[in-house]
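Structure assessment
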Amino acid sequence: MSDPATSDPLADLPLDQLVGCHECDLLMHKPVLKHNEKAQCPRCGYELYAHRHNVVERSMALVLAALLLYVPANFLPIMQLHLLGQTSDDTVWSGVLGLYGSGMREIAAVVFLCSMAIPLLKLLCQLVVLLSIRLDVGRSYGLLLYRIYHHMRDWGMLEVYFMGVLVAIVKLVDLAELSLGLGLVCFVSLLLVQVWLEVVMSPHQIWVALSGENLHAGD
Ligand SMILES: [Zn+2]
C-alpha cells in the first residue's frame, strides 16, 4: 500500500511555494505572477490572488477618498421628508440618535457600530497598514492592524444600510414628498470607492509586504 504523502509531488515543496484554494481546498504550486496578472484555481475558478500595479499608492488614494466622503455621507441629509407641512432632514447620525431617543438603544448601538464606527475603523486600519508599508516603519503593528481589519470586514455593513435606505424611499414615496439629499450621493460614492478599494488592495500583496518578504508591493 503506497503512502499518499510520499506519492504526492507537492509534498516535497516548501510551504511558501504552495497555495490552497479558499473555496475548494485544492493544494497547488504557487504561480509567479507578473503585473496585472491573476491566478485562478484550475478546479473551481476562484481568484487565488492578483498582482496589481502600484498597489500601495492606488489603495492609499482610495482610502483617502473614502475618508473624505465618510463625513458628508454620515452627517449630510440622506433624504428630506415633507409631510403635513413639516420638513425633516434625515442623516445617518440623526437616524442613530432617533433610534436611541425612542428607546431602541440596542438597535441604535448596532446601527452606529455597523454603519459608522466599524466602517471608519476599517478605513483607518487600511490607512495605517498602507502607511507602514509605504514609509517602511512599524510593519509588525501594520500586520496586527491588517489582521484586525480582516476580523472587522464582516461587521461593516454599509450595503445593508443602503438597502434599508432604498426600502424606506420606496415605502415613503407614496406617503410623503421626498427629496434625496447630498448625503445619499456621498454615501453611494463611499460604497463604490470601498468596492473599488477591495479590488485594488490585493490582500496577497499586502500580506507579503507586511511580513517583510521581497515583494515589490509599491510597483
Ligand atoms: Zn478552487
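My aim in this report is to walk through the structure given alongside it, one point at a time. (Residues numbered from 1 in each chain as written. Predicted model: local features only at pLDDT ≥ 70, side-chain atom pairs only at ≥ 80, totals over all residues. Heavy atoms only, no water.)

If you look at the biggest cluster of nonpolar residues, it comprises 45 residues, and the most contacted ones within it are F187 and I206. Contributions of two or more residues to this core are made by α2 (55-75), α3 (92-101), α4 (105-134), α5 (139-152), α6 (158-172), α7 (182-200) and α8 (203-210). When near neighbours in sequence (up to four residues on either side) are disregarded, I206 contacts V55, V129, L130, I133, Y146 and M201. Formed by eight residues, the second largest nonpolar core is a distinct cluster that contains L33, A39, C41 and L48. (Core = buried A, V, L, I, M, F, W, Y, C linked by side-chain atoms within 4.5 Å. Buried < 20%, exposed > 50% of the residue type's maximum accessible area, 1.4 Å probe, protein only. Helix = DSSP H or I, 4+ residues; strand = E, 2+ residues; numbered from the N terminus. Contact = heavy atoms within 4.5 Å.)

Looking at the zinc ion, one finds its protein donor set to be C21 (SG), C24 (SG), C41 (SG) and C44 (SG), positioned 2.2 to 2.3 Å from the metal centre. Written as a sequence motif, the donor arrangement for the zinc ion is C-x2-C-x16-C-x2-C. Here C41 lies in the loop between β3 (37-40) and β4 (47-51) and C21 lies in the loop between β1 (18-20) and β2 (27-29), a separation of 20 residues in the sequence. Residue classification places C41 among the buried positions, given a relative accessible area of 3%. (Donors = N, O, S within 2.8 Å, 3.2 Å for Na, K, Ca; no water.)

Moving on, we come to the packing of aromatic side chains. Tallying each qualifying case throughout the model produces four aromatic pairs. Taken together, a centroid distance of 5.6 Å and an interplanar angle of 5 degrees make the contact between Y146 and Y149 stacked. Of this pair, Y146 and Y149 both sit in helix α5, three residues apart, roughly one helical turn. For the pair Y146 and Y149, a shared accessibility class is recorded, and that class is buried. Ring pairing ties together the aromatic residues F75, W93 and F112, which thus form one cluster. (Phe/Tyr/Trp six-rings, centres within 6.5 Å; stacked < 30°, edge-to-face > 60°.)

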